[in-house]
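Topology and contacts: notes
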Amino acid sequence: MSKQMPEVGDVWFNEQSKQKFAVLDFNPTSNDFVAYNQKTKTMRLFDASTPMPSQFKYIGKSKVNNQRFV
């Protein structure tokens, strides 16, 4: 389930920084998720073996709209 474990296409909101992250890929070799920050245009790794940080709230699946996620 996405709320407990990130999946490709999920969008998460960081309540501290007020920024959205979209999960782009899962790397089975390192057991990491690759997430894209919409505001800063940067990538971040999340360890799939640990829960998402408490400040991250699950929004839902992304919808592509003119090359942006909403």
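Before reading on, note that the structure itself is shown above.
Report on the accompanying structure. Predicted model, so just to flag it, every value in this text is computed and none were measured.

Another point: the nonpolar core. Trp12, Phe21, Val23, Phe33, Ala35, Phe46, Ala48, Met52 and Phe56 together form the largest nonpolar core, which totals nine residues. Mapped by element, the contributors of at least two residues to this core are β2 (19-27) and β3 (32-37).

Before going further, it helps to examine the environment of Gly9. Among the secondary structure elements, Gly9 is positioned in the segment before β1 (10-14). When the C-alpha positions of Gly9 and Asp25 are compared, they lie 8.2 Å apart, and in sequence the two are 16 residues distant.

For β1, a buried count of four out of five residues is recorded, marking the element as mostly surrounded by other parts of the structure. As judged from the five bridges shared by β1 and strand β5 (residues 56-61), these two strands associate in the antiparallel manner. By the bridge assignment, Asp10 is partnered in β5 with Lys61. For β1 and β2, the ladder comprises four bridges, and the chain directions are antiparallel. Looking at the pairing, Asn14 lines up with Gln19 of β2.

The strand order β4-β3-β2-β1-β5 describes an open sheet built from five strands, whose pairing is antiparallel. Whereas interior strands pair on both sides, the edge strands pair on one side only; in this sheet they are β4 (42-47) and β5. In this sheet, adjacent strand axes meet at a mean angle of 35 degrees when their direction is disregarded.

Turning our eyes to something else, we now look at the pairing of β2. Across a regular strand the side chains alternate sides, sitting on one face of the sheet and then on the other. Linkage of β1 to β2, two consecutive antiparallel strands, is achieved through a turn of four residues, within which Lys18 is found at a positive phi near 60 degrees. The hairpin turn running from β2 into β3, its antiparallel successor, is four residues long, and Asn31 in that turn takes a positive phi close to 60 degrees.

What follows deals with the pattern of salt bridges. Taken as a whole, this structure holds two salt bridges when the rule is applied. The salt bridge partner of Glu7 is Lys61, with a shortest N-O separation of 3.2 Å. Taken as a pair, Glu7 in the segment before β1 and Lys61 in strand β5 lie far apart in primary sequence, 54 residues in all. The exposure class of Glu7 is partly exposed, given its relative accessible area of 33%. For Asp10, the salt bridge identified is with Lys61, shortest N-O distance 3.0 Å. Of the two residues, Asp10 sits in strand β1 while Lys61 sits in strand β5, which places them 51 residues apart along the sequence. Connected via shared salt-bridge partners are Glu7, Asp10 and Lys61.

Cut-offs used in this document
Residues numbered from 1 in each chain as written. Predicted model: local features only at pLDDT ≥ 70, side-chain atom pairs only at ≥ 80, totals over all residues. Heavy atoms only, no water. Core = buried A, V, L, I, M, F, W, Y, C linked by side-chain atoms within 4.5 Å. Buried < 20%, exposed > 50% of the residue type's maximum accessible area, 1.4 Å probe, protein only. Helix = DSSP H or I, 4+ residues; strand = E, 2+ residues; numbered from the N terminus. Pairing = 2+ DSSP bridges. Axes fitted to C-alpha atoms, helices over the stretch in contact; angles between N-to-C directions. Salt bridge = Lys/Arg side-chain N within 4 Å of Asp/Glu carboxyl O.

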